[in-house]
Amino acid sequence: MEAVTMKALVYKGPGQKSWESVSVPKISRPTDAIVRIAKTTICGTDLHILKGDVPAVTDGRILGHEGIGVVEEVGNAVSNFKQGERVIISCITSCGKCEYCKKQMYSHCEDGGWILGHLIDGTQAEYVRIPHADNSLYAVPAGTDEEALVMLSDILPTGFEIGVLNGAVKPGDIVAIVGAGPVGMAALLTAQFYSPSRLIMIDLDQSRLDMAKRFGATEVIDSTKVDAAEIIRSSTKDGVDVAIEAVGIRPTFDVCQHIVRPGGHIANVGVHGKSVEFEIQKLWIKNITLTTGLVNTNTTPMLLKTVESKKLQPEKLISHHFTFEQFPQAYEVFGNAATEKALKVIISRDSD
Ligand SMILES: [Zn+2]
Ligand SMILES: [Zn+2]
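The paragraphs below set out a description of the structure included in this document. (Residues numbered from 1 in each chain as written. Chains lettered and ligands numbered in written order. Predicted model: local features only at pLDDT ≥ 70, side-chain atom pairs only at ≥ 80, totals over all residues. Heavy atoms only, no water.)

Side note on the pairing of strand β2 (residues 17-23)
Inference 1: One ladder, built from seven bridges, connects strand β1 (residues 5-11) with β2; its direction is antiparallel. Opposite Tyr11, over in β2, you have Lys17 as the bridge partner. (Pairing = 2+ DSSP bridges. Helix = DSSP H or I, 4+ residues; strand = E, 2+ residues; numbered from the N terminus.)

Structure representation (C-alpha cells):
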C-alpha cells in the first residue's frame, strides 16, 4: 500500500463531524485485514452517535459499520482472504472462538461484537482495519450487484434476525411492522420468505408507506391520521401474530403491545434511548413472547444466497447515490430523510 493518508468521516463530539485527512490504518494483529472501501452507507445509528447518544464513541473516531471493498493487505494469520479479493464487511466483528461465537451469538463476541465505527475506526473512510477478518468478512460472489450487498452489512440481517426470526413469523401469520425505515423495510422484505397472510406496515410518512406497498406490504397505516392499534384490532379476530417494533420509542412499543394476540410475539428491533412501560398486568395472561436483540449476522451467508439468486432484492432500499467527496451532503440528505424521501444512501469511491 502506498498511501499514508486518506479521507475519512470523523466524529468530533456531539453535533460535529468532518470529512478530513487521517492516517491510513495498518495491520496491528495477525488476524487483521485492511480493506479498501468501494461503497459504504450511513445508518440511523450513526445519526444517534452524532447527537451524542452513544457516549462510548469518542472524539476522533471514524464512523460507519457497513460497506464493501477490496482486501488491500492481510495479517499472517488470515487464511480465508487474500489481497485483491472483494468482500462484504459485517457490522459485527467476531473471533469465531469464544463462548458466544460458538453459540453464533457474534453480537456478544468477547473480542468483537459491534465495534466498527463505535469502539474502533469504521468504514466511512477510504480504508478500514477489520479485526478477525476470517470470521468478519464475506466474499462477494462474482457478478452480484455490489450495491445490493451493502445492505447485507447490517440492515438485512438485523431486520431478518431480530424482527422476522425472533418474531417467529410463520406461513399464514398476520404480521405488523411498526416503522418503515430501512430496518423495518428489511423486515418487510425478509418476512415474505415465510408467506404471511397479511403484512401491515405502520409509519408516519406517506412516501415511506407508498414504498412499503411496492415492497410487499398488504396494508399500510398512516398513524398520524388514525389510531393504528384500533384499526388493527378491529380488522383482526384478536390482534396480530407478530408485531415488529422498528423505531425505538414508547408510542411505537405501545402499538405493539396493544395489538399482539394471545400466543403472539413482539420482536423489538428499535434502539431505545429511554424506558417504555411494559403492560405486564394485561399481557401476563396472554402467553406472549417479547424478544430483543443486537444482530448476530449469523444469517448473512444464507441472505447472501437469496440476494445472489435475486429472490431478495435489497437494492430497492437505495434511494440516493453520492461519491466520497460528497460525504457531508450524504449526511445532510440522510439526516433529513422525510423531506428528502431518503431510505438508504450509497457513497462510492469514484474509481471502482
Ligand atoms: Zn447500522
Ligand atoms: Zn468471539
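Quick look at the pairing of strand β9 (residues 198-203)
Inference 1: Across the six residues that make up β9, a large majority, six, are buried.
Inference 2: Across the two faces of β9 the burial is the same, with Arg198, Ile200 and Ile202 and Leu199, Met201 and Asp203 all buried.
Inference 3: Bridge count for strand β8 (residues 174-178) against β9 is five bridges, and the pairing is parallel. Within β9, the position partnered with Val178 by the bridge is Ile202.
Inference 4: At this point the chain moves from β8, through helix α6 (residues 182-191), to the parallel β9, and the crossover so formed is right-handed.
Inference 5: In this sheet, strand β10 (residues 219-222) lies alongside β9 in parallel orientation, the contact comprising four bridges. (Buried < 20%, exposed > 50% of the residue type's maximum accessible area, 1.4 Å probe, protein only. Right-handed = clockwise from strand over helix to strand, strands pointing away.)

Topic: the packing of helix α5 (residues 155-165) against helix α11 (residues 300-308)
Inference 1: In the contact formed by α5 and α11, the axes pass within 10 Å of each other and the chain directions differ by 115 degrees. In terms of orientation, α5 and α11 fall into the roughly perpendicular class. Remark: the crossing between α5 and α11 carries right-handed chirality. Together, Leu156, Pro157 and Phe160 of α5 and Thr300, Met302, Leu303 and Val307 of α11 make up the contact between the two elements.
Inference 2: Taken together, the residues of the contact of α5 with α11 sort by class into six nonpolar, one polar and no charged. (Axes fitted to C-alpha atoms, helices over the stretch in contact; angles between N-to-C directions. Parallel < 35°, antiparallel > 145°, perpendicular 65-115°, else oblique. Left-handed = near helix turned anticlockwise from the far one by under 90°. Contact = heavy atoms within 4.5 Å. Nonpolar A, V, L, I, M, F, W, Y, C, P; charged D, E, K, R; others polar.)

Quick word on the sheet that holds strand β13 (residues 289-291)
The strands making up a sheet associate through hydrogen bonds between their backbones, and the pairing can be parallel or antiparallel.
Inference 1: Taken together, the six strands give an open sheet; going across it, the order is β10-β9-β8-β11-β12-β13, and neighbouring strands pair in parallel fashion. Strands with a single pairing partner mark the edges of an open sheet, and in this sheet they are β10 and β13. On average, each strand axis in the sheet is tilted by 15 degrees relative to the strand beside it, whichever way the strands run.
Inference 2: Sheet topology places strand β11 (residues 240-245) next to strand β12 (residues 260-268); five bridges connect them, and they run parallel. Considered in β12, the bridge of Glu245 is made with Asn268.
Inference 3: Sitting on the sheet, helix α7 (residues 206-214) touches β9 and β10, and the angle it makes with β10 is about 175 degrees.

Some remarks on the packing of α6 against α7
Any two packed helices are characterised by the angle at which their axes cross and by the distance between the axes.
Inference 1: The contact between α6 and α7 brings their axes to 10 Å, and the two run at 20 degrees. Judged by the angle between their axes, α6 and α7 are roughly parallel. Between α6 and α7 lies a crossing of right-handed hand. Facing α6, whose interface residues are Pro182, Met185 and Leu188, α7 presents Arg208, Met211 and Ala212.
Inference 2: Looking at side-chain class alone, the contact of α6 with α7 contains five nonpolar, no polar and one charged residues.

Considering the coordination of the zinc ion (ligand 2)
A metal bound by six donors in octahedral fashion has ideal angles of 90 or 180 degrees, whereas one bound by four tetrahedral donors has an ideal angle of 109.5 degrees.
Inference 1: Within the protein, the atoms that donate to the zinc ion (ligand 2) are Cys95 (SG), Cys98 (SG), Cys101 (SG) and Cys109 (SG), at distances of 2.3 to 2.4 Å.
Inference 2: Taken together, the four donor atoms surrounding the zinc ion (ligand 2) define angles of 103 to 119 degrees at the centre, an arrangement classified as tetrahedral.
Inference 3: Sequence spacing of the donors to the zinc ion (ligand 2): C-x2-C-x2-C-x7-C. Of this pair, Cys98 sits in the loop between β5 (86-89) and α2 (99-102) while Cys109 is found in the loop between α2 and β6 (127-130), placing the two residues eleven residues apart along the sequence. Both residues of the pair, Cys98 and Cys109, belong to the buried class. (Donors = N, O, S within 2.8 Å, 3.2 Å for Na, K, Ca; no water. Tetrahedral: all angles 85-135°; square planar, octahedral: opposite > 155°, others 65-115°.)

Focus on the coordination of the zinc ion (ligand 1)
Inference 1: Protein coordination at the zinc ion (ligand 1): the donors are Cys43 (SG), His65 (NE2) and Asp154 (OD), at 1.8 to 2.2 Å from the metal.
Inference 2: Positions of the donor residues of the zinc ion (ligand 1) along the chain correspond to the pattern C-x21-H-x88-D. In this pair, Cys43 sits in the loop between β3 (33-40) and α1 (44-51) while His65 sits in the loop between α1 and β4 (67-74), placing the two residues 22 residues apart along the sequence.

Notes on the side chain of Thr306
Inference 1: For Thr306, the location among the structural elements is in helix α11.
Inference 2: The class of Thr306 is buried, set by a relative accessible area of 12%.
Inference 3: The contact partners of Thr306, leaving out residues within four places of it in the chain, are Phe193, Lys311 and Leu312.

Let's talk about the packing of aromatic side chains
Each aromatic ring pair is specified by the distance between its two centres and by the angle formed by the two planes.
Inference 1: Under the defined criterion, the tally for this structure stands at six aromatic pairs.
Inference 2: Where Phe160 meets Phe193, the ring centres are 5.6 Å apart and the plane angle is 80 degrees; that geometry is what we call edge-to-face. Linking Phe160 in helix α5 with Phe193 in the loop between α6 and β9, this pair joins segments that are 33 residues apart in sequence.
Inference 3: Accessibility expressed as a relative area gives 2% for Phe160, which makes it buried.
Inference 4: Overall, the relative accessible area of 29% leaves Phe193 in the partly exposed class.
Inference 5: Aromatic ring contacts, followed pair by pair, group Trp19, Phe324, Phe327 and Tyr331 into a single cluster.
Inference 6: For the cation-ring pair, Arg349 lies above Tyr127, with the distance from its terminal atom to the ring centre recorded as 5.7 Å. (Phe/Tyr/Trp six-rings, centres within 6.5 Å; stacked < 30°, edge-to-face > 60°. Lys NZ or Arg CZ within 6 Å of the ring centre and 35° of its normal.)

Everything listed is a geometric property; what it means functionally is a separate question.
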